[in-house]
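Examination of the molecular architecture
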Amino acid sequence: MKQHKNRRIVMSMYAAAVSMVILTGFTSLAAEADTKVRRPESVKEESAEWNFSDIAGGIQQDILEETKASAEEAQQAYEKKLEEERKAAEEAARIAAEKAAAEAAAQADRELLASLIFCEAGNQPYEGQVAVGAVVMNRVKSGAYPNTISEVIYQSGQFTPAMTGWLDSVRANAGYTASAMQAAEEALAGSSPVGDCLYFSTGGWGMRIGDHYFH
């Protein structure tokens, strides 16, 4: 019985020793494990911090490049728009200048024709005034005479008022009447009471209107 008791004591001491060893080993292992675990985390954190900074830098560079590209595109678009507006303004100015020149030329033709009508038929019936203007326009369209009003009227040896200077005087002072201007406008618009006649005179033959004969 005494042997059994001694055996139990020995077994208890052995179990305690084993427990102590296990506990000590576990604590040591836990500490070592904790150290091993924490150390990589620290390294990982440092690495993560370094990688994040690098990524952030890359993102900033990408944004910078995208912003620069967008700015360049916007600048190009703006310059293109300015160029288009410049060309449109130039075209509009060109068209306006051409229109103004055409209107000025048309007004000059009206005034010149009205002046000739006044000189040649200012004392004649209105129909006779339109007829004189029609003769001028018929010559412009005929192909046998110059193709502008001014050249037809100032053609050498054709209209007496142009040769004597009277026409220029009336034209310079706008000395024509409202009736002569209206007759000129009708003739310019295509009105012709004498058909395709190319001549008129105060004597001779042809269609008579007032004191003039048209043929």
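Quantities reported herein were computed from a predicted structural model and do not represent experimental measurements.

Points about the overall build of the protein
Along the backbone of the protein there are 6 helices and 3 strands. Scanning the protein from its N terminus toward the C terminus, one meets helices and strands in the order α-α-α-α-α-α-β-β-β. A total of 215 residues make up the protein; the buried ones form 21% of that total. Here the contacts in the protein between residues at least 6 apart in sequence split such that 59% fall between residues at least 24 apart. Summed over all atoms, the accessible surface of the protein reaches about 14800 Å², with 58% contributed by carbon and sulfur.

Thoughts on helix α2 (residues 126–142)
Counted at 1.5 Å a residue, the expected span for α2 with its 17 residues is 24 Å, and the 24 Å between its end C-alpha atoms agrees. Within α2, 13 of the 17 residues are buried, which leaves it mostly tucked inside the rest of the structure. Directly after α2, the chain includes G143, whose backbone phi takes a positive value near 95°.

Observations regarding the sheet that holds strand β1 (residues 200–201)
The strand order across the open sheet formed by 3 strands is β1-β3-β2, and the pairing between neighbours is antiparallel. Each end of this open sheet is capped by a strand with a single partner; those strands are β1 and β2 (207–209). As judged from the 2 bridges shared by β1 and strand β3 (residues 212–214), these two strands associate in the antiparallel manner. The partner of S201 across the bridge, within β3, is Y213. Seen against the sheet, α2 touches β1, β2 and β3 and runs at an angle of roughly 45° to β3.

Some points on the pattern of salt bridges
Across all of its chains, the model carries 4 salt bridges by this definition. In this structure, E83 engages R86 in a salt bridge whose closest nitrogen and oxygen atoms are separated by 2.4 Å. Linking E83 with R86, this pair stays in helix α1 (residues 2–121), spanning 3 residues, or about one helical turn. Taking the relative accessible area as the measure of exposure, R86 reaches 38% and is therefore partly exposed. Residues R94 and E98 are paired through a salt bridge, measuring 2.6 Å at the closest nitrogen-oxygen approach. Taken as a pair, R94 and E98 lie in helix α1 at a separation of 4 residues, close to a single helical turn.

Quick word on the packing of aromatic side chains
How two aromatic rings sit relative to each other is set out by the distance from centre to centre and by the angle between their planes. Under the definition given, this model contains 2 aromatic pairs. Taking the centre distance of 6.2 Å and the plane angle of 35° together, the rings of F159 and F200 count as tilted. You can see F159 sitting in the loop between α3 (149–153) and α4 (160–164) and its partner F200 sitting in strand β1, a full 41 residues away along the chain. Both residues of the pair, F159 and F200, belong to the buried class. Ring centres 5.7 Å apart and planes at 40° place the aromatic pair F200 and F214 in the tilted group. A residue pair is termed long-range when its members are at least 10 positions apart, and F200 in strand β1 and F214 in strand β3 qualify at 14 residues.

Section: the side chain of E120
Along the chain, E120 falls in helix α1. One buried charged side chain, E120, makes no salt bridge at all; its nearest oppositely charged neighbour is R139, positioned 9.0 Å away. With residues near it in sequence (within four places) discarded, E120 still touches V132, F159, T160, P161, F200 and H212.

Observations regarding the confidence of the model for the protein
Per-chain confidence: the protein averages 83 in pLDDT, with 74% of residues scoring 70 or above. The low-confidence segment residues 42–48, where pLDDT is below 50, has 0 contacts with residues more than four positions distant or belonging to other chains.

So, unusual backbone geometry
In this structure, A174 is a non-glycine residue whose phi angle is positive, near 50°. Within the secondary structure, A174 is located in the loop between α5 (166–172) and α6 (178–188).

Describing the environment of V194
Looking at the secondary structure, you find V194 in the loop between α6 and β1. On the accessibility criterion, V194 (3% relative accessible area) is buried. In sequence terms V194 and G128 are 66 residues apart; their C-alpha atoms lie 9.2 Å from each other. The contacts of V194, once residues within four sequence positions are left out, are A131, A134, V135, M207, I209 and F214.

Rules and cut-offs
Residues numbered from 1 in each chain as written. Predicted model: local features only at pLDDT ≥ 70, side-chain atom pairs only at ≥ 80, totals over all residues. Heavy atoms only, no water. Helix = DSSP H or I, 4+ residues; strand = E, 2+ residues; numbered from the N terminus. Buried < 20%, exposed > 50% of the residue type's maximum accessible area, 1.4 Å probe, protein only. Contact = heavy atoms within 4.5 Å. Areas by Shrake-Rupley, 256 points an atom, 1.4 Å probe, with all protein chains shown as cover. Expected span 1.5 Å × (residues − 1). Pairing = 2+ DSSP bridges. Axes fitted to C-alpha atoms, helices over the stretch in contact; angles between N-to-C directions. Salt bridge = Lys/Arg side-chain N within 4 Å of Asp/Glu carboxyl O. Phe/Tyr/Trp six-rings, centres within 6.5 Å; stacked < 30°, edge-to-face > 60°. Lys, Arg positive; Asp, Glu negative; His and termini not counted. pLDDT = per-residue confidence, 0-100.

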